[in-house]
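Working through the structure, step by step
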Amino acid sequence: MNHLRTLTAKFKPQTVKRLTRHHVVMRSIFQTRLYSVSGTPEPFLNGNHSSYLEEMYCAWHANPKSVHESWDKFFQTFIASAPLDLLNKPMGSLPAAVQSQNRTQTSAQTSKLIEDHLAVQTLIRTYQIRGHHVAQLDPLGILDADLDSSIPSDLITSMDKLGIYGLDESDLDKVFRLPTTTFIGGSEPAISLREILKRLENTYCRHIGLEFMFINDVEQCQWIRQKFETPDILKFTNQEKKRLLARLVRSTRFEEFLARKWSSEKRFGVEGCEVLIPALKTIIDVSISKGIDNVIMGMPHSYAAIQVSHFNQGRLNVLANVIRKDLEQIFCQFDPKLEASEEGSGDVKYHLGVYHERINRTNNKHITMSLMANPSHLEAVNPVVQGKTKAVQFYRGDTTGKTVMSILLHGDAAFAGQGIVYETFHLSDLPSYTTHGTIHVVVNNQIGFTTDPRMARSSPYPTDVARVVNAPIFHVNSDDPEAVIYVCKVAAEWRNTFNKDVVIDLVCYRKRGHNEMDEPMFTQPLMYKQVQQQVPVLKKYADKLMSEGVLTLQEYEEEVAVYDRICEEAFTRAKDEKILEIKEWLDSPWPGFFTQSGEPKSLTCAPTGVSGEILQHIGNGASSVPVEDFTIHSGLSRILRGRAEMVKNHIVDWALAEYMAFGSLLKEGIYVRLSGQDVERGTFSHRHHVLHDQDVDKKTCVPMNHLWPDQAPYTVCNSSLSEFGVLGFELGFAMANPNALVCWEAQFGDFNNTAQCILDQFISSGQTKWVRHNGIVLLLPHGMEGMGPEHSSARPERFLQMCNEDSDVYPEYTEDFEVKQLFDCNWIIVNCSTPANYFHVLRRQILLPFRKPLIILTPKSLLRHLEARSHFDEMKTGTSFQRIIPDEGLAAQNPDDVKRLIFCTGKVYYELAKERINRKMEKEVAIIRLEQISPFPFDLLKVEIDKYPNAELIWCQEEHKNIGYYDYVRPRFRVTVQFKRPVWYVGRDPSAAPATGNKNTHLTELQDMLDVSFNLQAFEGMTF
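Residue indices begin from 1 for each chain and proceed along its sequence in written order. Given that the model is predicted, a residue must reach a pLDDT of at least 70 before its local features are reported, and side-chain atom pairs must reach 80 or more before they are shown or counted; all residues, however, enter totals for whole chains, interfaces and linings. To obtain the side-chain values, all non-hydrogen atoms of the structure were included, while hydrogens and water were left out.

Right, let's get into the overall build of the protein. Elements are defined by DSSP. Helices are runs of H or I of four residues or more, strands are runs of E of two residues or more, and each kind is numbered from the N terminus. Within the protein, the secondary structure is distributed over 32 helices and 28 strands. Under the scheme applied here, a residue whose accessible area is under 20% of the maximum for its type counts as buried, over 50% as exposed, and between as partly exposed, the area being computed with a 1.4 Å probe on protein chains only. In the protein, which comprises 1024 residues, the proportion classed as buried is 60%. Pairs of residues are marked as contacts when any of their non-hydrogen atoms sit within 4.5 Å. Considering only residue pairs separated by 6 or more positions, the protein has 80% of its internal contacts joining residues 24 or more positions apart. Here the protein displays about 40500 Å² of accessible surface, and carbon together with sulfur accounts for 50% of that area. Only the protein chains shown count as cover for residues, and all accessible areas are computed by the Shrake-Rupley method using a 1.4 Å probe.

Written out as structure tokens, the structure reads:
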């Protein structure tokens, strides 16, 4: 209270003197400036407030009806407490000593009044900041949601705590004018302290806990205060209550139906958080009423919530009662005799996605809903959902998120423990990644598999990560359905109003163990003793409505019977399902791209070359600035002049080839998106797709968007320093439309390993598990340049190991062999050695009649290598991607004389070619480049091997033997030669690290490799 007394003293001398002439002294807090950040002092008083108060008192003294009734009541209260012998006496009629005594006494009264008002404001602010710590959030009543049993000392939990604010019980019935930073008064600007405390308790300390005072925006804080503090705001009509009950019936009875029919099956049910279904439906209903017509949902599998999270746990329930997937399609998943289709391996029923269009029954509006398929890896689907949402918004021209939105469900332990949650949040407000607000629902069953939350997180709440992006957090007790529904309504309105993320922390419990077969009493005996005694929320709420006279027992039983009958009828129909069609569970269909049966319309690919005129036009655009009054860096001017010279000579380097691939696709109406760390300039300063004016801040130009009048747009965007989150985002973006080239570039190739989950669980296996094609392109800088172990290898061996191709079978050759190989593979891996081939493989990615992920091992030193150039002729109409590049030199002219045939891929070719010239062995040694490593070009390599019948076969790579390509190519070469000829290895020895950090060692290893490559006696006497 010291700071309050200081403020009081500051205004005493002149203000007290003035107000004493009017028989009473008082000061009040009025129109205070609001500071929303917790801990920031507020300037409650200033001289203007004193003058205003004096004017108000003068007006009231002359005519009490001339001021608002609240002021009338306030002044009457003060006059009643003032000394009677001082009232109505002019100052001059009192002796000097008495006047002095009166001034002192009046000054003391003034100080008390000011301090009390300041104290009440502080008290209100305290509840707004910390009231959630004592909110009754746990439906079991045994845990504190913030893991802290202590009560903040400044919350009034007993009358003696009023003393903290300089108040006591005698002040409870005093009337205090409320500040503008609260709405607890409703239409009353002044209420008693007793009523203030009561309303604060009801707002902040019951079944809803609010965290929002950390938000540094006054308007947003005021909006939340008004939504929750306004008296009697949490009221429902009888119709709304009946709808809520009906949804609870569906949620609860669905789980009970599954339990009756498949008691021994893992269902990961929603029991203990049945209110999740009405909650989601409310979010969707409100969002639709605000203009949303497309909702994309993610329910990441998580050991953090209800029986493996209330995601997978409530997934079937969400499919049935939120998305409205046909029940028979869900029930047939439990049939062990259900045959798998030939579409892929499939996935467990609680991982599958779905896409569904329907009419929302609440407001009769059309809604498109998709639930993304996901793996068991915690929260990994989050950025994928956001990426797809952003893409749908982009293609629909929804620049503010008014028609398309995302909803993400989380488990409490995973939300707190998984770093991908943080990475995804940090994309939420970035221009090229924002989805304009996501509603997060954390199903907080207060346990992570078997781990107590006190052992699972260091933060008070599992939701604290959301504070980093100023997302409000609404904690709510799941056993209070009306509180849950109101919170969901406000969350949806918040997202629509501010286009920002919001988090709902649904505090619940897990009725069973990790799954229905698990025994939770092993590790949480006290919790599950309480769970066993818990009355289901449906019964609680039904009893409440019947006691209120909202519905009768008969009406309730009829509601239950109707839904039970629906389930039984669907169960009967499900018995007729004989084959599981995975495509029925596709979350991202591409209408018109495939045939009706989901097959490619052809198995051919048109040549990927373009006309010389188009190449020339794009080249001119790439070497100029398309806008006027734009000052570029002098170094960039030199780069553009170099490009112009190359275009003049019909030559392209790597950056120019990429420019021409992108530019030609834009001309054909194909949207191109390039994302990643520093991609606008390029890690190696080679790309420069965004020009920056050197004189005007934030003035930029993207020349690629100025190539053609009616071209498709081009997006190039530097990402946050995240691989897991951003790659997941771009994967989701690529799901929305097959007619777009979506690329993610790693700063260095090996950085892909921090996104390994996306690679393993989504990209490499997504089509097999979920019949979901995806054409995302990964650009991974790779090459042994002496830069050390962390900037050398993109770890191609890991990608190759996950290829689904059989290394022991030589494939049957057909006319469409090349395209059919691509169709049958799970992803494509290339290491191009020429700019032209890089140009072609990018264009082929779009011209193929299907979509496969494309992994490109891109160069570093080759970006500026004078030999790594291509001529326009290699890119013109009629040309196409070369899976291998044969030797076209002297060796090819006399193949019978060739003594050694070296196979390689990527940059090492140029080192081998240079060494061959230096040793004058062009006739004795042929070098063949594998440009496409997987699918393996069996057919073309067999032709080349047969062409050189007397040559010793060598596989040469610059990577270590246990790293790179050798383990992949060795068995395939052996099959190709029918095990009749050895294929020798030349390269670095096995190593735990991808590369040396010593430049001299690097060069020595390189020279040793070259020496062995051209030593024709190196393998004499050795057996393979």
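Our next topic: the packing of aromatic side chains. Where two aromatic rings form a pair, the distance of their centres and the angle of their planes describe that pair. The aromatic pairing rule takes the rings of Phe, Tyr and Trp, using the six-membered ring of Trp, and pairs them if the centres are within 6.5 Å, calling planes under 30 degrees apart stacked, those over 60 edge-to-face and the rest tilted. Inspection of the entire model under this criterion finds 40 aromatic pairs. Between Trp-262 and Phe-571, the ring centres sit 5.6 Å apart and the planes meet at 70 degrees, which makes this aromatic pair edge-to-face. Placement of the pair is Trp-262 in the loop between helix 7 (238-261) and helix 8 (276-289) and Phe-571 in helix 18 (residues 553-574), with a sequence separation of 309 residues. We classify Trp-262 as buried; its relative accessible area is 13%. With centroids separated by 5.5 Å and ring planes inclined at 35 degrees, the aromatic side chains of Tyr-813 and Phe-817 adopt a geometry described as tilted. Judged by its relative accessible area of 5%, Phe-817 falls in the buried class. A network of ring pairs unites the aromatic residues Tyr-810, Phe-903, Phe-936, Phe-938, Trp-955, Tyr-965, Tyr-968 and Phe-973 as a single cluster.

Quick look at the nonpolar core now. In these notes, a set of buried Ala, Val, Leu, Ile, Met, Phe, Trp, Tyr and Cys residues joined through side-chain atoms within 4.5 Å is what counts as a nonpolar core. Phe-331, Phe-903, Trp-955 and Phe-973 are the most contacted members of the largest nonpolar core, which has 192 residues in total. If one sorts the elements of this core by residue count, helix 15 (residues 481-498) sits on top with 11 residues. With 58 residues, the next largest nonpolar core counts Leu-656, Met-704, Phe-748 and Ile-828 among its residues.

What follows deals with the side chain of Ser-719. Here Ser-719 is to be found in the loop between strand 17 (714-718) and helix 22 (724-735). In terms of polar contacts, Ser-719 uses its side chain to reach the backbone amide nitrogen of Gln-677, at 3.4 Å. Contacts described as polar in this section are N or O atom pairs within 3.5 Å, which, within protein, must combine one atom able to donate a hydrogen with one able to accept it, while residues neighboring in sequence count only if both atoms come from side chains.

Turning next to the pattern of salt bridges. Salt bridges are defined as contacts in which a side-chain nitrogen from Lys or Arg sits within 4 Å of a carboxyl oxygen from Asp or Glu. Under the counting rule described, the total for this entry stands at 42 salt bridges. Where Glu-548 meets Lys-544, a salt bridge forms, and the shortest distance between an N and an O atom there is 2.7 Å. Here the residue Glu-548 and the residue Lys-544 both occupy positions in helix 17 (residues 537-548), the gap between them amounting to 4 residues, near one helical turn. In this structure Glu-548 comes out as partly exposed when scored by relative accessible area, which is 38%. Linking Glu-658 and Arg-687 is a salt bridge whose minimum nitrogen-to-oxygen distance equals 2.7 Å. Here Arg-687 lies in the loop between strand 14 (671-676) and strand 15 (691-692) and Glu-658 lies in helix 21 (residues 654-667), a separation of 29 residues in the sequence. For the pair Glu-658 and Arg-687, a shared accessibility class is recorded, and that class is buried. One salt-bridge network, held together by shared partners, links Lys-241, Glu-482, Lys-544 and Glu-548.

Residue Pro-935 is bonded to the preceding Ser-934 through a cis peptide linkage, with omega at 0 degrees. If you check the backbone angles, Leu-147 has positive phi at about 60 degrees while not being a glycine. Assessed through its relative accessible area of 27%, Leu-147 is described here as partly exposed. Of note, the phi angle at Phe-979 is positive, near 65 degrees, even though the residue is not glycine. Here Phe-979 lies in the loop between helix 31 (966-976) and strand 28 (983-988). Judged by relative accessible area, Phe-979 falls into the exposed class, the value being 53%.

Moving on to helix 21. By definition here, a helix of n residues has an expected span of 1.5 Å times n minus one. Helix length check: helix 21, at 14 residues, gives a terminal C-alpha distance of 20 Å against a target of 20 Å (1.5 Å per residue), a fit within 8%. When you tally the buried positions in helix 21, you get 13 out of 14 residues, the bulk of the element. Near the N-terminus of helix 21, the side chain that reaches the backbone nitrogen of Ala-655, with its oxygen 3.4 Å away, is that of Asp-653.

Strands are treated as partners if at least two bridges between them are detected by DSSP. The 8 strands lie next to each other as 3-10-11-9-8-4-7-6, forming an open sheet whose pairing is mixed. Of all strands in the sheet, those with a lone pairing partner are strand 3 (208-211) and strand 6 (354-360), marking the two edges. Direction aside, neighbouring strands of the sheet carry axes that sit 20 degrees apart on average. Sheet topology note: the strand 10 (residues 473-477)/strand 11 (residues 502-507) ladder contains 5 bridges and is parallel. Counted as the bridge partner of Val-476 is Leu-506 from strand 11. Where helices are involved, their axes are fitted lines through C-alpha atoms of the stretch in contact, as for all axes, and angles between N-to-C directions lie from 0 to 180°. Contacts from helix 11 (residues 382-396) reach strand 4 (294-298), strand 7 (365-371), strand 8 (404-411) and strand 9 (438-444) within the one sheet, and its direction differs from that of strand 8 by about 175 degrees. Helix 15 rests against strand 3, strand 8, strand 9, strand 10 and strand 11 of the sheet, and its axis sits at about 165 degrees to strand 10.

With 6 of its 6 residues buried, strand 11 lies for the most part within the structure. Handedness rule for crossovers: strands pointing away from the viewer, path from the first strand over the helix to the second running clockwise, crossover right-handed. Viewed along the sheet, the connection from strand 10 through helix 15 into strand 11 turns out right-handed.

Attention now goes to helix 19 (residues 612-622). Among all positions of helix 19, only Ile-614, Leu-615, Ile-618, Gly-619, Gly-621 and Ala-622 are buried. Axial view of helix 19: buried residues confined to an arc of 160 degrees, hence all on one face. In the core, the buried residues of helix 19 are packed alongside helix 20 (634-648), helix 21 and helix 27 (835-847). Working note: the arc is built from the helix axis to C-beta atom directions.

The next subject is the side chain of Arg-495. Relative to the helices and strands, Arg-495 is located in helix 15. No salt bridge forms around the buried Arg-495; measuring N to O, its nearest opposite-charge neighbour Asp-398 is 6.1 Å away. With residues near it in sequence (within four places) discarded, Arg-495 still touches Ile-292, Gln-393, Gly-401, Val-404, Met-405, Thr-435, His-436, Gly-437, Thr-438, Ile-439 and Lys-500. Charge assignment in this entry is limited to Lys and Arg as positive and Asp and Glu as negative, and neither His nor the chain termini are counted.

Quick look at the packing of helix 21 against helix 27 now. Where helix 21 meets helix 27, the closest approach of the two axes is 8 Å, and the angle between their N-to-C directions is 25 degrees. Taken as axis vectors, helix 21 and helix 27 run roughly parallel relative to one another. You can see that helix 21 and helix 27 cross each other, and the crossing is right-handed. Along its contact with helix 21, which presents Trp-654, Ala-657, Glu-658, Met-660, Ala-661, Phe-662, Ser-664 and Leu-665, the element helix 27 presents Pro-835, Tyr-838, Phe-839, Leu-842, Arg-843 and Ile-846. Any angle between 65 and 115 degrees counts as roughly perpendicular, while under 35 counts as roughly parallel, over 145 as roughly antiparallel, and the rest as oblique. If you view the pair so one helix is near and one far, a crossing is left-handed when the near helix is turned anticlockwise from the far one by less than a right angle, and right-handed when it is turned clockwise.

pLDDT measures the predictor's confidence residue by residue and takes values from 0 up to 100. Looking at the protein as a whole, its pLDDT mean stands at 87, while 87% of the residues score no less than 70. Counted against residues more than four places away or in other chains, residues 1-49, with its pLDDT under 50, gives 119 contacts. Counting contacts from residues 302-312, a segment whose pLDDT is below 50, to residues more than four positions away or on other chains yields 80 contacts.

Within the open sheet, the 5 strands sit side by side as 23-25-24-27-28. Their pairing is mixed. Of all the strands in the sheet, just strand 23 (884-885) and strand 28 have a single pairing partner and so form its edges. Of the strand pairs in this sheet, strand 24 (residues 900-904) and strand 25 (residues 925-930) are connected by 5 bridges, and their pairing is parallel. Bridge pairing links Phe-903 to Ile-928 in strand 25. On the sheet, helix 30 (residues 938-947) packs against strand 23, strand 24, strand 25 and strand 27 (952-960) and is oriented at approximately 160 degrees with respect to strand 24. Contacts between helix 31 and the sheet are confined to strand 24, strand 25, strand 27 and strand 28, with strand 27 contributing the most and set at about 165 degrees to the helix.

Turning our eyes to something else, we now look at the packing of helix 7 against helix 15. For the pair helix 7 and helix 15, interaxial distance at closest approach is 11 Å and the crossing angle is 105 degrees. Judged by the angle between their axes, helix 7 and helix 15 are roughly perpendicular. In this structure, helix 7 uses Lys-241, Leu-244 and Leu-248 to contact helix 15, whose residues at the interface are Pro-481, Glu-482 and Ile-485. Looking at the contact of helix 7 with helix 15 residue by residue, the class counts come to 4 nonpolar, no polar and 2 charged. All residues other than Ala, Val, Leu, Ile, Met, Phe, Trp, Tyr, Cys, Pro, Asp, Glu, Lys and Arg, Gly among them, are scored as polar; the first ten of these are nonpolar and the last four charged.

As a further point, take the pairing of strand 18 (residues 740-745). Among the 6 residues that make up strand 18, 6 are buried, leaving the element largely enclosed by the rest of the structure. Side chains of strand 18 alternate between two faces, with Ala-740, Val-742 and Trp-744 and Leu-741, Cys-743 and Glu-745 buried alike. Alignment of strand 14 against strand 18, held across 6 bridges, turns out to be parallel. Residue pairing for strand 18: Leu-674 is matched across the bridge by Cys-743. By the bridge criterion, 3 bridges tie strand 18 to strand 19 (residues 777-781) in an arrangement that is parallel. Residue pairing across strands places Glu-745 opposite Leu-779, the latter belonging to strand 19.

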